[in-house]
Amino acid sequence: AIILWELETELIPYKGMNFDDIVSYVVKNHGRPPFPSTILENLKRLISICWDEKPEERLSFKKILSLFLSKKVHFKD
């Protein structure tokens, strides 16, 4: 999910935060990097599924790849 977010935004997630702050933000506070307003809805939905707190809810790489290959999900550019 974070890699997809980075590819879409071309930003560094959690920039300026140290490791302990990131762990606290993500694990304890359920924080995630913000989505840009320009992100395509299908990609946003995919990223959200991929960083779901429950691992069993996340998609396999094979399923993620099939979504991109079938063009059901894509980057705006």
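Here's a quick rundown of the structure. Every value quoted in this text rests on a predicted model; they were computed, and no experiment measured them. (Residues numbered from 1 in each chain as written. Predicted model: local features only at pLDDT ≥ 70, side-chain atom pairs only at ≥ 80, totals over all residues. Heavy atoms only, no water.)

Observations regarding the overall build of the protein
On a plain count of helices and strands, the protein comes out with 4 helices and 0 strands. Element order for the protein, N to C, with α for helix and β for strand: α-α-α-α. The C-alpha extent of the protein, read off along each of the three principal axes, is 40 × 30 × 15 Å. Across the 77 residues in the protein, those meeting the buried criterion constitute 23%. When the accessible surface of the protein is split by element, carbon and sulfur atoms take 58% of a total near 5800 Å². Counting 12 positive and 11 negative side-chain charges, the protein places the centres of these two groups 6 Å from one another. (Helix = DSSP H or I, 4+ residues; strand = E, 2+ residues; numbered from the N terminus. Buried < 20%, exposed > 50% of the residue type's maximum accessible area, 1.4 Å probe, protein only. Areas by Shrake-Rupley, 256 points an atom, 1.4 Å probe, with all protein chains shown as cover. Lys, Arg positive; Asp, Glu negative; His and termini not counted. Charge placed at Lys NZ, Arg CZ, Asp CG, Glu CD.)

A word on the pattern of salt bridges
This model, assessed by the stated rule, comprises 1 salt bridge. Linking Glu-8 and Lys-76 is a salt bridge whose minimum nitrogen-to-oxygen distance equals 2.8 Å. Remark: Lys-76 occurs in the segment after helix H4 (61-69) and Glu-8 occurs in helix H1 (residues 2-9); sequence separation between them is 68 residues. Relative accessible area serves as the criterion here: at 9%, Glu-8 is assigned to the buried category. On the basis of relative accessible area, Lys-76 is assigned to the partly exposed category, the value being 39%. (Salt bridge = Lys/Arg side-chain N within 4 Å of Asp/Glu carboxyl O.)

Quick word on H1
Residues of H1 that are buried: Leu-4, Trp-5, Glu-8 and Thr-9. Taken end-on, H1 shows its buried residues confined to a sector of 120°, consistent with a single buried face. Residues Ile-3 and Leu-7 are exposed on H1 and point more than 90 degrees away from its buried face. Packed against the buried residues of H1 are helix H3 (41-50) and H4. Note on H1: the residue one or two positions beyond its end, Glu-10, has a positive phi of about 60°. (Arc of directions from axis to C-beta. Contact = heavy atoms within 4.5 Å.)

A closer look at the side chain of Glu-8
In this structure the side chain of Glu-8 is engaged in a polar contact, spanning 2.8 Å, whose partner is the side chain of Lys-76. If near-sequence neighbours (up to four positions away) are discounted, Glu-8 is found in contact with Ile-39, Leu-43, Phe-75 and Lys-76. (Polar contact = N/O pair within 3.5 Å; in protein donor to acceptor, adjacent residues only side chain to side chain.)

Quick word on the nonpolar core
Judged by nonpolar contacts, Leu-4, Trp-5, Ile-39, Leu-43, Leu-46, Ile-47, Cys-50, Trp-51, Ile-64, Leu-67 and Val-73 together constitute the single largest core of 11 residues. Looking at this core, the elements that each hand over two or more residues are H1, H3 and H4. With residues up to four places along the chain from it excluded, the contact list for Leu-67 reads Leu-46, Leu-59, Lys-72 and Val-73. (Core = buried A, V, L, I, M, F, W, Y, C linked by side-chain atoms within 4.5 Å.)

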